[in-house]
Amino acid sequence: MHISKKSIDSLTVMTNIVLPNETNSLRNLFGGELLSRMDRAASISATRHSETRVVTASVNHVSFDHPIPEGGIVVLESKVSRAFSTSMEIYVDVWLDDPINQKKIHTNSGIYTFVAIDTDGKPAKVPELVPETELEIERFEAAKRRKELSLILSGRMKPTDSVELKKLFLGE
């Protein structure tokens, strides 16, 4: 296993066309269908980073900002945004690609958490992540705050034990 990896090492790009049986009554891609595609892309990114089997631990955030119509070309781009001890946060961006008019519209984004699993089904250590670009650094820093918030909401951390959220809200 590598000691550290870059975000680009986990880049996964999936491209599909929206078929009629994948749409709702408005002839737009079902939200659940999109979530499934996003989960698959994120799973591949997590596997590339951890070099082991992975399981989805949580879907932390998904935004549906723009409908994706039947016949639309959907491009999903996912990368590990931060690696913790045995878990990884994966950021997925979704685009509607219109090659005829040469337009690309950002339609959705999502943040997933995956846990690396060893051959015995136990959590496995993952390589640390070294962000490079401005966006990767921004997402890397924000991941720590999201993890603390998740731990607080699940009751596994007391709000008074937070470090990153105190910095954000109290300027400490």
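Please refer to the structure higher up on the page.
Note that the structure is predicted; figures quoted are calculated from it, not measured. (Residues numbered from 1 in each chain as written. Predicted model: local features only at pLDDT ≥ 70, side-chain atom pairs only at ≥ 80, totals over all residues. Heavy atoms only, no water.)

### Let's talk about the pattern of salt bridges
- What the rule picks out here adds up to nine salt bridges.
- Residue Arg-27 is joined to Glu-70 by a salt bridge in which the shortest nitrogen-to-oxygen separation is 3.1 Å. Here Arg-27, found in the loop between strand S2 (12-17) and helix H1 (31-50), pairs with Glu-70, found in the loop between strand S3 (53-64) and strand S4 (73-83); they are 43 residues apart in sequence, far enough to count as distant.
- Relative accessible area serves as the criterion here: at 53%, Arg-27 is assigned to the exposed category.
- Its relative accessible area of 29% is what places Glu-70 among the partly exposed residues.
- Between Lys-104 and Glu-77 there is a salt bridge, with its nearest N and O atoms 3.6 Å apart. Pair noted here: Lys-104 is in strand S6 (residues 103-117) and Glu-77 is in strand S4, with a separation of 27 residues, a long-range link.
- The partly exposed category is assigned to Lys-104, whose relative accessible area is 45%.
- Taken together, the salt bridges that share partners define one network made up of Glu-22, Glu-33 and Arg-37. (Salt bridge = Lys/Arg side-chain N within 4 Å of Asp/Glu carboxyl O. Helix = DSSP H or I, 4+ residues; strand = E, 2+ residues; numbered from the N terminus. Buried < 20%, exposed > 50% of the residue type's maximum accessible area, 1.4 Å probe, protein only.)

### Remarks on the layout of surface pockets
- The computed volume of the largest pocket comes to approximately 400 Å³.
- Taken together, 19 residues form the lining of the largest pocket, with Asn-60, Thr-113, Arg-146, Lys-147 and Ser-150 sitting closest to its centre.
- Top element by residues in the lining of the largest pocket is helix H2 (residues 134-153). It accounts for seven residues.
- Looking at the lining of the largest pocket, its residues break down into nine nonpolar, six polar and four charged.
- Surrounding the second largest pocket, Ser-7, Leu-11, Glu-77, Ser-78, Lys-79, Val-80, Ser-81, Tyr-91, Asp-93, Leu-135, Glu-136 and Arg-139 form its lining. (1 Å grid on protein atoms, 1.4 Å probe; cavity = no way out; pocket = protein on both sides within 12 Å on 5 of 7 lines; lining within 4 Å. Points joined across faces, edges and corners; volume = space filled by probe spheres on them. Nonpolar A, V, L, I, M, F, W, Y, C, P; charged D, E, K, R; others polar.)

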